[in-house]
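Inside the fold
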Amino acid sequence: MNIQASIRALKAERNAAILAHNYQTMDVQEVGDHVGDSLYLARVASRLEEKVILLAGVRFMAETASVLCPEKTIIIPDLEAGCSLAGMIKSREIRAWKDKHSDGGGVAYVNTTAEVKAESDICCTSANACQVVSSLPENARILFVPDYSLGLYVQRKTGRKLDLWPGFCHVHADITGDVIREQKRLHPEARVLMHPECGCMSDSMDLADEVLSTSGMLKACERSTDKEFIIATENGMVEQLRAAHPDKVFHPVGEWAVCEYMKLHNLEKILSSLKNLEFVVKVPGDIAERARRPIERMLALS
Ligand code: SF4
């Protein structure tokens, strides 16, 4: 039996579901029961029937699943799968801002720890950040954490003034205006699809033809008659798009656009994780209780 078949057999035996993020390698995505972005995976986790959820993604995603499904066992194949962006804001920093602005509200990108979510009023993902901010009262003072580029983009799209936290993802921050201009020079016919975490948001947002979440990129390529794209995000997305659309051409922004945290998972570790039911991610009850509300508030927005 090959390793993918072993994983599928063990998954059934364990009554487990595998949720895989779009940035995973294709062999990992192939064993996923559900593959998508953070918003999609959070929605799926909240309604799964299986008793065990294996998260092939980073730790904050496993925490979100733990918060939404406290009765289930949440496992992650490698505990070192963190997120540089999630590490850039602490719960005490949100509390300090709220102490100064007692009438203000905090919007936490899902790329945050459960402790930070617990101090926030509502969560968002890159797919719904504009919708989330627009849903808040017009005169409310809003702290947006932790991604500065996404916050800038949301500010521009919604016309709302936000207090922006200066956090960044180390992969997307390197996707600067110069990187995109060079890719456009090399591939003048290509359509530019850009993730809003990209560093070039503070240079020029007009370099992108569309600014999209990873799931948004998949849909855009499905509906587009264009044949050539520059994909400004982590390269796992390029792999997935190439597999889905062999008739189209996808250019990464550079071979370097790789999240080493996402890529810590592989088939061997997934098999071992299912065998040993490790590594368990369990958010403590009181934090989970407080973090659930902002996540559910986000999920309630269609
Ligand atoms: S690509 Fe960036 S934001 Fe996404 S998991 Fe990796 S470090 Fe975090």
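Preceding block: the structure.
Residues numbered from 1 in each chain as written. Predicted model: local features only at pLDDT ≥ 70, side-chain atom pairs only at ≥ 80, totals over all residues. Heavy atoms only, no water.

For the rest of this paragraph, the subject is the overall build of the chain. Broken down by element type, the chain carries 14 helices and 12 strands. Relative to the globule expectation of 19 Å for 302 residues, the C-alpha radius of gyration of the chain, 19 Å, shows essentially globular dimensions. Oriented by its inertia axes, the alpha-carbon framework of the chain measures out at about 55 × 50 × 30 Å. Residue pairs at least 24 apart in sequence account for 61% of intrachain contacts in the chain once pairs closer than 6 positions are excluded. As displayed, the chain has an accessible area near 12900 Å², and 49% of this comes from carbon and sulfur atoms. Charged side chains in the chain number 36 positive and 42 negative. The centres of these two groups are separated by 4 Å. (Helix = DSSP H or I, 4+ residues; strand = E, 2+ residues; numbered from the N terminus. Rg over C-alpha atoms; globule rule 2.2 N^0.38 Å. Contact = heavy atoms within 4.5 Å. Areas by Shrake-Rupley, 256 points an atom, 1.4 Å probe, with all protein chains shown as cover. Lys, Arg positive; Asp, Glu negative; His and termini not counted. Charge placed at Lys NZ, Arg CZ, Asp CG, Glu CD.)

Scanning the entire structure with this criterion turns up zero disulfides. This cysteine, C124, is not joined by any disulfide, and C123 carries the nearest cysteine sulfur, 7.5 Å off. Look at C124 and you get buried, because its relative accessible area is 0%. (Disulfide = S-S within 2.5 Å. Buried < 20%, exposed > 50% of the residue type's maximum accessible area, 1.4 Å probe, protein only.)

The full count for this structure, using the stated rule, is 17 salt bridges. For D226, the salt bridge is made with R191, and the minimal N-O distance between the two is 4.0 Å. On the criterion of sequence distance, the pair formed by D226 in the loop between α11 (214-223) and β11 (228-232) and R191 in strand β9 (residues 191-194) is long-range, its members being 35 residues apart. Given a relative accessible area of 26%, R191 falls into the partly exposed group. For R223, the salt bridge goes to E210, with nearest N and O atoms at 2.9 Å. Here E210 lies in strand β10 (residues 210-211) and R223 lies in helix α11, a separation of 13 residues in the sequence. (Salt bridge = Lys/Arg side-chain N within 4 Å of Asp/Glu carboxyl O.)

In short, shape yes, function no, at least from these values alone.
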